[in-house]
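Descriptive structure summary
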Amino acid sequence: MIKRIRFGEPFFTDAVFDDSNVAEGKAAEADDNGIIIKSDGKELIIALDKEDVVYGLGQSLHGINKRGFTYISYNTDDPHHNEDKYSLYGSHNFIIVDRVDGKKTGLFIDYPSKVIYDIGDSDKDVLKITLGEPVYPDDEIEGKTVNYDLYVITAESSEKIINEFRALIGPSYKAPQWAFGFGQSRWGYMSEDDIRRVVKGYKDSDMPLDMVYVDIDYMDDYKVFTLNQENYPDFKSFVSEMKEQGIHLLPNVDPGVKMEEGFDIYDEGKKNDYYCKDKDGEIYPIAVWPGLSALPDFMKPEVRKWYGDKYRFFTDAGVDGFWNDMNEPASFYSPKTLKNALDEVAKVSEKQDSLKLQELWNMIGVVDGMAHNDEDYQSFYHETDRGLIRHDRLHNIYGLNMLKAGSEALDEQLGKGNSLIFSRSSYIGAHRYGGIWTGDNCSFYSHIELIMHQLPGLNMCGFLYVGADTCGFGFDTNEDLAMRFLELSIFTPLCRNHSALGTREQEFYRFKNIDAFRKLLKLRYALIPYLYKSYLDSIENNKLMFTPLGIAYPLDAEARHIEDQLMVGESVMIAPVYQANVTGRHVYLPQDMTCYRVKGVEDYEEENMIKGHHYVKADIDEVLIFVKAK
Ligand code: MIG
């Protein structure tokens, strides 16, 4: 059963798709589910028992069970996904309190600004949710109330709650089957020749490859929907040449439009009033890759249409896959934050001889704070049917609306189901328009563990076409880490090797044990029929593709606390190895299963195992796959 408790006049976020099963409820009724609502909805409090598990929050840090930490929904471009962080690129305000006594409650907070979740962090027995800045059409009534919809879902199991929630938010985006192929990416492939070399590298090593991603380097001066003519003299024939080799090219598409008079896209947008503006009606510049840029106001349908039509620049050339980046929106600096920083630097430079360390740290803080600055987010506005709304109050749905622009355009230009698009930033609702990748992770073993933790949460929120930068984006990977990473990524719908400019090159043909990588990639392809079927099943039946053991085996008290194994589809369980220098791991079997230690399609060992705890060997090139006993 789903109840909606409305506070004030919520802004339409596009998260909810079908509310025909929703009953309107009152704040006082929330108490029935153990939710105490305070300060007119600005605070929600839930008591937690020792054994209660809290699931959800989509793309977020920490474990499958979210207890013990604080999380903030406020989309951010932060490439350091470390334990001291609160926010990542997406805001997915759905949680399940899976109480051990059998009462399960799902909560969805449909609110496009800041939401803080203290999940047994400051008090281990209390889950406290606080809503940040209120959303208003104008500044005048600030502070009076908070405008949002709280959805309370109750059912006998977490599985059922997920089922009902997913029906509420509507069908997930369906990627074509070719999108389950393997893709190679790297920030720094500059030209057609660079890409030809990568394709050749894979072909020569007899490794399958279906996609090559083209990062921002393809653009002319980082201007959106342009190409560097020198590096891509004849893009259209290059796209066909790649197609002939079975390769899809996927360009990166950013939101920021270079503010350069004479650049046709900038001029058009300016003439038609398509950009976000400040209080005085001036375009608000933020600096991203092209330098000072204007942000399209994707909240406006006509802007989405306009920007979406620009994809023809690529689709006309035969391109059918894209990734949207920087759409939190990221900002490296603005004239305002740059000035603040330079002023601080000047102060320090004036008093070099008598400088106190505190003044130096302060200066460093201000310089560091130029990027993704809250003051900037509070300085520009969106034009909505509710009037002008300050960006920070709608911040979390900017990426969703950018993705929607591209997704709807591609359906129109190429026909529904024929293209691939995924985004970095998202909000629930974005799952109907595309997939997401989990952004700038690092070549850390702990980031293999992180994606394993993120997969079920993402699925709960409807994001099914998902995956991480395999081998790690930042920092230098190495052969063992790359292999362990791939051993998990062969199961994720998006299977892409991606890395940052300046890091150690990590195309799989560069390593020593090419044989092992080839076998793993071929194993991925052998798994595609099962994975794609499970993926479609998850879309059609509003289910998880990656299920925590505690949800798949709700009556098993031990399964509730397993953080490092996942069910994949109906009959498979994975137990990835995510530590360096180990030759096996502990695995808990919630039922009798057959364990396959797999090096490749025809190279595996098989052993029947009984329900319970096992230590299972897994050599560096071995994947552990468990299949339920019949
Ligand atoms: O500021 O386009 O997350 O995948 O390679 C960095 C360059 C911008 C961030 C993306 C990453 C991409 C990179 N981008």
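Here is what the cut-offs are and how they apply
- Residues numbered from 1 in each chain as written.
- Predicted model: local features only at pLDDT ≥ 70, side-chain atom pairs only at ≥ 80, totals over all residues.
- Heavy atoms only, no water.
- Near = heavy atom within 4 Å.
- Polar contact = N/O pair within 3.5 Å; in protein donor to acceptor, adjacent residues only side chain to side chain.
- Areas by Shrake-Rupley, 256 points an atom, 1.4 Å probe, with all protein chains shown as cover.
- Pairing = 2+ DSSP bridges.
- Helix = DSSP H or I, 4+ residues; strand = E, 2+ residues; numbered from the N terminus.
- Axes fitted to C-alpha atoms, helices over the stretch in contact; angles between N-to-C directions.
- Parallel < 35°, antiparallel > 145°, perpendicular 65-115°, else oblique.
- Contact = heavy atoms within 4.5 Å.
- Nonpolar A, V, L, I, M, F, W, Y, C, P; charged D, E, K, R; others polar.
- Phe/Tyr/Trp six-rings, centres within 6.5 Å; stacked < 30°, edge-to-face > 60°.
- Lys NZ or Arg CZ within 6 Å of the ring centre and 35° of its normal.

Take the site of the ligand next. Around the ligand, a shell composed of 14 residues is seen, among which Asp215, Asp325, Arg424, Asp440 and His498 lie nearest. In this structure, Asp215 approaches the ligand through a side-chain N or O atom, which is 2.5 Å from an oxygen atom. For the ligand, an oxygen atom lies 2.9 Å from a polar atom in the side chain of His498. Protein coverage of the free-state accessible area of the ligand, which is 350 Å², stands at 96%.

Read across the sheet, six strands follow the order 28-29-30-35-32-33 without closing on themselves; strand pairing throughout is antiparallel. Every other strand in the sheet has two partners, leaving strand 28 (546-548) and strand 33 (603-609) as the edge strands with one partner each. The average angle at which neighbouring strand axes cross in this sheet is 30 degrees, direction not considered. Relative to strand 35 (residues 623-628), strand 32 (residues 593-600) runs antiparallel, the two sharing six bridges. Bridging from a neighbouring strand, Arg597 pairs with Leu624 of strand 35.

Two elements in contact, helix 2 (residues 192-204) and helix 3 (residues 235-244), have axes separated by 12 Å at closest approach and are oriented at 0 degrees. Considering the angle they form, helix 2 stands roughly parallel to helix 3. Between helix 2 and helix 3, the contacting residues are Glu192, Ile195, Arg196 and Val199 on the first element and Phe235, Phe238, Glu241 and Met242 on the second. Taken together, the residues of the contact of helix 2 with helix 3 break down into five nonpolar, no polar and three charged.

Below, the discussion takes up the environment of His80. Considering the arrangement of structural elements, one finds His80 in the loop between strand 6 (69-73) and strand 7 (90-91). Residues His80 and Cys442 lie 362 residues apart in sequence; the distance between their C-alpha atoms is 7.8 Å.

So, about the sheet that holds strand 5 (residues 53-56). The mixed open sheet is built from six strands, whose spatial order is 2-1-12-9-8-5. Only two strands of the sheet have a single neighbouring strand rather than two, namely strand 2 (22-25) and strand 5. With direction set aside, neighbouring strand axes in the sheet form an average angle of 25 degrees. Both strand 1 (residues 2-7) and strand 12 (residues 148-155) contribute to a ladder of six bridges, which runs antiparallel. Bridge assignment links Ile2 to a residue of strand 12, and that residue is Ile153. Sitting on the sheet, helix 1 (residues 158-169) is in contact with strand 1, strand 2, strand 5, strand 8 (94-98), strand 9 (104-110) and strand 12, with an inclination near 140 degrees to strand 12.

For the rest of this paragraph, the subject is the packing of aromatic side chains. Inspection of every chain in the model, using the stated rule, returns 43 aromatic pairs. For the pair Tyr596 and Tyr604, a centre-to-centre distance of 5.8 Å together with 65 degrees between the ring planes defines the contact as edge-to-face. Over the face of the ring belonging to Tyr74 we find Lys114, whose NZ or CZ atom lies 4.6 Å from the ring centre. If you follow Arg496 out to its NZ or CZ, it ends over the ring of Trp437, 5.2 Å from the centre.

The axes of two packed helices give the description: the angle between them and the distance between them. The N-to-C vectors of helix 12 (residues 446-460) and helix 13 (residues 479-489) enclose an angle of 10 degrees; their axes lie 10 Å apart at closest approach. On the basis of their axis angle, the class for helix 12 and helix 13 is roughly parallel. Within the contact between the two elements, helix 12 uses His447, Ile448, Ile451 and Met452 and helix 13 uses Leu481, Arg484, Phe485 and Leu488. In terms of residue class, the contact of helix 12 with helix 13 is built from six nonpolar, one polar and one charged.

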